[in-house]
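# Overview (structure and organization)
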Amino acid sequence: MATYKDLIETVIKREFGILGKERMMDILSDMKMKVNGEGLLSNGAYTIKELEALVQTLHDKYGAVAVMGCKVAVGRAARDNGLDLPSILK
């Protein structure tokens, strides 16, 4: 069963390929999200609020295109697991 941590990791891994690992790691560092080199978050409690903050930051820094590609993968996982999405991903 997917969790918000899984949804956030999906966004991170996707953006590694789109924005590049260095840019994405800078964003994550600014947000105090600890990840390893493969985009996996350290253990912790992640909620819709962290997902929304990450996606909003990506949108603010890099525009709607950076977010568009995440909508399908994250939306499908959320729907399949009964998780709500922030409005930016709907």
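Residues numbered from 1 in each chain as written. Predicted model: local features only at pLDDT ≥ 70, side-chain atom pairs only at ≥ 80, totals over all residues. Heavy atoms only, no water.

With that settled, consider the pattern of salt bridges. Tallied over the entire structure, the rule returns 1 salt bridge. As a salt-bridge pair, lysine 5 and glutamate 9 come within 4.0 Å of each other at their nearest N and O atoms. Of the two residues, lysine 5 and glutamate 9 both sit in helix H1 (residues 4-18), 4 residues apart, roughly one turn of that helix. Judged by relative accessible area, which is 9%, glutamate 9 ranks as buried. (Salt bridge = Lys/Arg side-chain N within 4 Å of Asp/Glu carboxyl O. Helix = DSSP H or I, 4+ residues; strand = E, 2+ residues; numbered from the N terminus. Buried < 20%, exposed > 50% of the residue type's maximum accessible area, 1.4 Å probe, protein only.)

Attention now moves to helix H3 (residues 48-62). The end-to-end C-alpha separation of H3 is 21 Å, in line with the 21 Å expected for 15 residues at 1.5 Å each. Along H3, the residues that are buried comprise Leu51, Leu54, Val55 and Leu58. With its buried residues spanning 90 degrees around the axis, H3 presents them on a single face. When the buried face of H3 is taken as reference, the exposed residues oriented beyond 90 degrees from it are Lys49 and Asp60. Elements that come into contact with the buried residues of H3 comprise H1, helix H2 (21-30) and helix H4 (64-81). Directly after H3, the chain includes glycine 63, whose backbone phi takes a positive value near 90 degrees. (Expected span 1.5 Å × (residues − 1). Arc of directions from axis to C-beta. Contact = heavy atoms within 4.5 Å.)

Residues Ile12, Leu51 and Leu54 are the most contacted members of the largest nonpolar core, which totals 26 residues. Among the elements of the structure, H1, H2, H3 and H4 are those that each provide at least two residues to this core. Broken down by element, this core gets its largest block of residues, 6 residues, from H1. Not counting the four nearest positions on each side in its chain, leucine 51 is found in contact with Tyr4, Leu7, Ile8, Val11, Val74, Leu85, Pro86 and Leu89. (Core = buried A, V, L, I, M, F, W, Y, C linked by side-chain atoms within 4.5 Å.)

Geometric values such as these leave the question of function open.
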